[in-house]
Amino acid sequence: MITVRNVSHRYDKQVVLNEVGLTLPVGELTSIVGANGAGKSTLLSVVSRLIKPESGTVFIDDLDVQTAGDDAISRRLAVLRQDNRISARLTVVDLVRFGRFPYSKGRLTPEDHRLVDEALDYLDLQPFRDRFLDQLSGGQRQRAYIAMILAQDTDYILLDEPLNNLDMKHSSSMMTLLRRAADELGKTIVLVLHDINFASCYSDHIVAMRDGEVIVQGTPTQIMRRDVLREVFDMDIHVQDLNGVRLGIFWTTGAPVGPGPLAAEAGDTTRDEDGARRVAEPASITIR
Amino acid sequence: MTTLQSLRERASARGQSATRPAHTSAEEARRRRRITVTLGILAVLCLAGIIAYLTYDVRGSWDYAMDLRGRQVGSLVVVGAAVGASSLVFQTIAGSRILTPSVMGFDALYLLVQTIVVFFFGGTAFMMMGVGERFLLNTVVLTVFGLLLFRWLFGRNSRNLLVLVLVGIVIGSLFGSLTSLASRVLSPDDFLTLQDVMFASFNTVDGALLWVAAAVCAVGVVALVPLLRYLDVVDLGHDNAVALGAPYHRVVTLTLAVVTVLVAVSTALVGPMLFLGLIVANLARQIIPTHRHTELVLGSMLVGVLCTVGGQFVVGHLMDNGTTLSVVVNLVGGIYFILLLMRTVKL
Ligand SMILES: Nc1ncnc2c1ncn2[C@@H]1O[C@H](COP(=O)(O)OP(=O)(O)O)[C@@H](O)[C@H]1O
Ligand SMILES: [Mg+2]
């Protein structure tokens, strides 16, 4: 269990975290959402002791992250920051091997190598294992970082915007992977996500932050409501239920997608027998 | 502790494990072999350079030439190795390929410390000390000041590269001015002493000092060895290193201490060579494409030796001392520094 108590932090005079309190239960996938600058990354950094907060404490199970040793924490909690710029000449496999550092201190055992290979397999990285990081696309590099985190094989995994740079396919398979790690391996996973629909589809728990405070938290059903989202994002988002999953239609402010110019272009708008509006399929297009 | 076992089974169910390479792929093995070969070639070149330096165009007494040139080449090797090792690891802990100890004003600090020591102890007392004790006193004082300087520089939140470079330059010229101010209020005798200490050149290397320097340098390099695998992680940046459980601050502090000692050694022997470390460390990183500091530091030391011995061979033997090594190094290195800055920092 992650327990955050009364954590406050400031940069210069700006209050970035204000008396944040939070408990995150074991084995759940929690998403943290909120606007840019809400303090999500700072909170994650404090929890993973990359930043020492001005006040407050963070416990991972029974360990106080500020006082427990380097080894104890790094074998229990892995964290990936939002932006990683590494200047060292690293290949993918070199990077993933660093995930074993908490255990091997750089001298890898056969068991370490096995876990590294598993992580590479799992993120489809075997074809790239000997590429240098600067020879990869942004998404491939992001997957390499996540493979390193998986190789660290910790009970707690904290990822700051892990879907950065990932295409649709890899985004959804990343979320599926994380979901499974929570369900099957009992891992506790905390993500910062920008796409509320990914948060809605995959999380057990959503924590919404605004101006350095946790203003609301709950299940996706509790959070994915027009009034709640308005408070969190300062934005009018229509929420639609799709077979029990709640989706926020944030691409068009305040409204479901309507019969705009596209619909007119596509052809006639008709009504089904139950009265739902139906837009005719546009003329087919050839896919090579 | 859980494992990724079940995740792996799924992966193999998708048929990826069938072709899974061994822990080290052929490509990786080939790359590592090439690095070993590169290091071997560098070592051979260094040896060849040393022999060439010793034996080129000896006129008159061989004994005399060997003694003099032996001391010269000895100090060149010590300086090259010290500068190579210290600059490379400094780049790592500074998280920048542009920052080296000299660029951050370290050489200037050394001269300032020398001046202050002469100022307070007096030139005569200073010279009465054995050359080794004097050197050790300098090194201790410099280590303390150096650590304070670097803690102050890197302890702050802002790690803007351009700001750090500017701070380094400002500190360098500030220390330079303080040095010349202090040397002006010295008595003429003390001033001569100071000049002697500050600009010891290779041509007249003191044998005893060389041995002390070589010993201190060796201790410094040996002290680096247990830090090397931690430096590999520190090279990933503060956040990744801490997340992976590396004792980041301890590694940085210990490395800084070693760097301070190594820089003191080389500056004591031949005076400041502002851009030598910058050239050597970046060249080493270019020809040895790895993140492993064991190989990087070794390579950087070899490149350092090659640059100093080779450079002095050209300047001293071929050009017949028409100029000095530090002038050449600063000219070449200065241009290189500006190119690096322009490439890294969009002004
Ligand atoms: N290193 C820093 N120095 C100064 N201010 C910072 C620093 N990091 C973040 N901030 C400020 O703190 C606030 C919260 O930042 P952050 O936690 O990164 O937000 P989020 O991840 O939710 O977008 C922002 O206003 C940001 O400008
Ligand atoms: Mg952020």
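Before reading on, note that the structure itself is shown above.
All values derive from a computational prediction rather than experimental measurement.

A. Structural detail: the interface of chain A and chain B. Listed by partner, the interface residues are 49 residues for chain A and 42 residues for chain B. Between chain A and chain B, the buried area comes to about 4,300 Å², and carbon and sulfur atoms account for 53% of it. Viewed at the interface, chain B and chain A are joined by two salt bridges. Taking the shortest distance from any N to any O, the salt bridge between Glu28(B) and Arg97(A) comes out at 2.6 Å. Counting across the interface, chain A meets chain B through eleven residue pairs in polar contact (both at pLDDT 80 or more). Counting only elements with at least two residues in the side of chain A that touches chain B, the list comes to helix H2 (70-74), strand E6 (77-80), helix H3 (92-98), helix H4 (101-104), helix H5 (110-122), helix H6 (138-151) and helix H7 (168-185) of chain A. Examining the composition of the side of chain A that touches chain B, we find that eight residues originate from one element, H5(A), more than from any other. Considering only residue class, the side of chain A that touches chain B consists of 19 nonpolar, nine polar and 21 charged.

B. The arrangement of the site of ligand 1 in detail. Residues and elements named next belong to chain A. Contacts to ligand 1 come from Tyr 11, Gln 14, Val 16, Ala 35, Asn 36, Gly 37, Ala 38, Gly 39, Lys 40, Ser 41 and Thr 42. Between an oxygen atom of ligand 1 and a side-chain N or O atom of Ser 41, the distance comes to 2.7 Å. In this structure, Thr 42 approaches ligand 1 through a side-chain N or O atom, which is 2.5 Å from an oxygen atom. Notes on ligand 1: free accessible area 560 Å², of which the protein chains cover 61%. Secondary-structure elements contributing two or more residues to the shell around ligand 1 are strand E2 (14-24) and helix H1 (40-47). Per element, the largest residue contribution to the shell around ligand 1 is three residues, and it comes from H1.

C. Here's a closer look at the coordination of the magnesium ion (ligand 2). Coordination of the magnesium ion (ligand 2) by the protein is provided by Ser41(A) (OG) and Gln82(A) (OE1), with metal-donor distances spanning 2.0 to 2.3 Å. Here Gln82(A) lies in the loop between E6 and H3 and Ser41(A) lies in helix H1, a separation of 41 residues in the sequence.

D. A look at the packing of helix H3 (residues 62-94) of chain B against helix H14 (residues 293-318) of chain B. Residue and element names in this part refer to chain B. Axis separation between H3 and H14 bottoms out at 7 Å; the angle between their running directions is 140°. Taken together, the axes of H3 and H14 are oblique relative to one another. Handedness of the H3/H14 crossing: right-handed. Counted together, Arg 69, Val 73, Leu 76, Val 77, Val 79, Gly 80, Ala 81, Gly 84, Ala 85, Leu 88, Val 89 and Thr 92 of H3 and His 293, Leu 296, Val 297, Ser 300, Met 301, Gly 304, Val 305, Thr 308, Val 309, Gln 312 and His 317 of H14 form the full contact between these two elements. In terms of residue class, the contact of H3 with H14 is built from 13 nonpolar, nine polar and one charged.

E. Molecular detail of the sheet that holds strand E1 (residues 2-11) of chain A. Residue and element names in this part refer to chain A. Spatially, the four strands line up as an open sheet ordered E2-E1-E4-E5, and their pairing is antiparallel. The open sheet has two edge strands with one neighbour each: E2 and strand E5 (63-64). One ladder, built from two bridges, connects strand E4 (residues 55-60) with E5; its direction is antiparallel. Bridged to Phe 59 within E5 is Asp 64.

F. Inspection of the pairing of E6(A) at higher detail. Residue and element names in this part refer to chain A. Burial of the side chains of E6 extends over both faces: Leu 77 and Val 79 are buried on one face and Ala 78 and Leu 80 on the other. Strand direction decides the pairing type here: E6 and strand E7 (residues 156-160), joined by four bridges, are parallel. Considered in E7, the bridge of Val 79 is made with Leu 158.

G. Representation of the pairing of E4(A). Pairing geometry for E1(A) and E4(A), over five bridges, is antiparallel. When the bridges of E4(A) are listed, Ser8(A) appears paired with Ser55(A).

H. Looking closely at the pattern of salt bridges. Going through the model one piece at a time under the given rule, you end up with 29 salt bridges over all chains. The residue Arg230(A) makes a salt bridge to Asp236(A) at a minimum N-O spacing of 2.9 Å. Since its relative accessible area comes to 38%, Arg230(A) is described here as partly exposed. Its salt-bridge partner being Arg30(B), residue Glu27(B) comes within 2.9 Å of it at the nearest N-O pair. Highlighted residues: Glu27(B) and Arg30(B), both in helix H2 (residues 26-55), separated by three residues, approximately one helical turn. If you follow the salt bridges from partner to partner, you end up with Asp61(A), Asp62(A) and Arg76(A) in one network.

I. Summary view of the environment of Glu27(B). All names here are of chain B. Exposure remark for Glu 27: the relative accessible area of 27% places this residue in the partly exposed category. Looking at Glu 27, its side chain comes within polar contact range of the side chain of Arg 30, at 2.9 Å. A distance of 2.9 Å separates a polar atom in the side chain of Glu 27 from a polar atom in the side chain of Arg 31.

Cut-off values and rules
Residues numbered from 1 in each chain as written. Chains lettered and ligands numbered in written order. Predicted model: local features only at pLDDT ≥ 70, side-chain atom pairs only at ≥ 80, totals over all residues. Heavy atoms only, no water. Contact = heavy atoms within 4.5 Å. Buried area = accessible area lost by both parts, 1.4 Å probe. Salt bridge = Lys/Arg side-chain N within 4 Å of Asp/Glu carboxyl O. Polar contact = N/O pair within 3.5 Å; in protein donor to acceptor, adjacent residues only side chain to side chain. Helix = DSSP H or I, 4+ residues; strand = E, 2+ residues; numbered from the N terminus. Nonpolar A, V, L, I, M, F, W, Y, C, P; charged D, E, K, R; others polar. Near = heavy atom within 4 Å. Areas by Shrake-Rupley, 256 points an atom, 1.4 Å probe, with all protein chains shown as cover. Donors = N, O, S within 2.8 Å, 3.2 Å for Na, K, Ca; no water. Axes fitted to C-alpha atoms, helices over the stretch in contact; angles between N-to-C directions. Parallel < 35°, antiparallel > 145°, perpendicular 65-115°, else oblique. Left-handed = near helix turned anticlockwise from the far one by under 90°. Pairing = 2+ DSSP bridges. Buried < 20%, exposed > 50% of the residue type's maximum accessible area, 1.4 Å probe, protein only.

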